[in-house]
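# Structural overview for review
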Amino acid sequence: MNSRHSKVTDWGLSKITIRSQDIILDVGCGGGRTVNKLAAIATEGKVYGLDFSQASVAFAKRTNRHWIDADRVEIQEGSVSHLPFADDIFDLVTAVETHFWWPDLPADMREVLRVLKPGGTFIIIAEIYKGADTRIAKLAEKYLPLSGMTLLSTDEHRELFANAGYSDIQIVTEASKGWICATGRKPSTI
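Here's a quick rundown of the structure. Here the structure is a predicted model, which means the values were calculated and not measured. (Residues numbered from 1 in each chain as written. Predicted model: local features only at pLDDT ≥ 70, side-chain atom pairs only at ≥ 80, totals over all residues. Heavy atoms only, no water.)

For helix 8 (residues 154-164), every residue scored as buried is listed here: H157, L160, F161 and A164. Buried residues in helix 8, looked at end-on, bunch into an arc of 90 degrees, giving them a common side. As for helix 8, its buried residues are in contact with helix 5 (105-115), strand 5 (116-126), strand 6 (167-174) and strand 7 (179-185). Among the residues trailing helix 8, G165 stands out with phi positive, at a value near 105 degrees. (Buried < 20%, exposed > 50% of the residue type's maximum accessible area, 1.4 Å probe, protein only. Helix = DSSP H or I, 4+ residues; strand = E, 2+ residues; numbered from the N terminus. Arc of directions from axis to C-beta. Contact = heavy atoms within 4.5 Å.)

Set out below in structure tokens:
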């Protein structure tokens, strides 16, 4: 997981501004590589990783031991459906290769919105989307009913963000690779 998604993660993160003092949440942090990348950029901030899998949390903690020891990273077990954080605390929330599996995607998008600060950014990065002209996307679409995944088109990503209350929605694709990056901001006044 950590090495397989590294290139798409770097590509997606290059589409946003990450400030040195940002407080960041990585939802579905998996093995912790994205948390590590974010901690290296937000040098005066703090990065939180959250995953529903105990095994992923343990692995992410090992991957980020030096950041944890420096009190720059915290990793915990939890669900995107019930984020264990107060309202309005994150400058940035990231979700890399994870939103396909969220239990209630529309409600979970609103839950992420809840923990973002006004003006904060939410970014979804994935190496597959519905309608991408790649072999892996076509296979995923073919077997979608068996997989349990929610695979969205570019327009459906835009609608998902809009319906959850995000503003300044941007959808960027790397068509030759089938990658997608979707971002939205929490409005300053809701």
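Here the narrative resumes.
With that settled, the discussion passes to the packing of aromatic side chains. Going through the model one piece at a time under the given rule, you end up with eight aromatic pairs. Consider the rings of Y48 and F90, whose centres lie 5.6 Å apart with planes at 75 degrees: the pair is edge-to-face. Placement of Y48 in strand 2 (residues 46-51) and of F90 in strand 4 (residues 90-96) is noted, with a sequence separation of 42 residues between them. The same class applies to Y48 and to F90, which are both buried. Ring geometry for F122 versus F161: centroids 5.6 Å apart, planes at 35 degrees, classification tilted. Highlighted residues: F122 in strand 5 and F161 in helix 8, separated in sequence by 39 residues. You'll find F122 and F161 in the same group, each marked buried. (Phe/Tyr/Trp six-rings, centres within 6.5 Å; stacked < 30°, edge-to-face > 60°.)

On to the layout of surface pockets. Taken as a whole, the second largest pocket spans an internal volume of roughly 310 Å³. If you trace the second largest pocket, you find 19 residues lining it, with I16, T17, G119, T121 and R185 closest to the centre. Listing elements by their share of the lining of the second largest pocket, those giving two or more residues are strand 4, strand 5, strand 6 and strand 7. Broken down by element, the lining of the second largest pocket gets its largest block of residues, five residues, from strand 5. Looking at the lining of the second largest pocket, its residues break down into five nonpolar, seven polar and seven charged. (1 Å grid on protein atoms, 1.4 Å probe; cavity = no way out; pocket = protein on both sides within 12 Å on 5 of 7 lines; lining within 4 Å. Points joined across faces, edges and corners; volume = space filled by probe spheres on them. Nonpolar A, V, L, I, M, F, W, Y, C, P; charged D, E, K, R; others polar.)

Here the focus is the state of the cysteines. By definition, a disulfide is the covalent link that joins the sulfur atoms of two cysteine residues. Enumeration according to the criterion identifies zero disulfides in this entry. Of all cysteine sulfurs in the structure, the one in C181 sits closest to C29, which takes part in no disulfide; the separation is 19 Å. (Disulfide = S-S within 2.5 Å.)

Formed by 37 residues in total, the largest nonpolar core has its most connected members in L25, L83, V93, W102, M109, F122 and Y166. Per element, the largest residue contribution to this core is five residues, and it comes from helix 5. Excluding residues that lie within four positions of it along the chain, Y166 makes contacts with M109, V112, L113, L116, F122, F161, G184, R185, K186 and P187. Grouped together as the second largest cluster of nonpolar side chains are 23 residues, V8, I18, I24 and V96 included. (Core = buried A, V, L, I, M, F, W, Y, C linked by side-chain atoms within 4.5 Å.)

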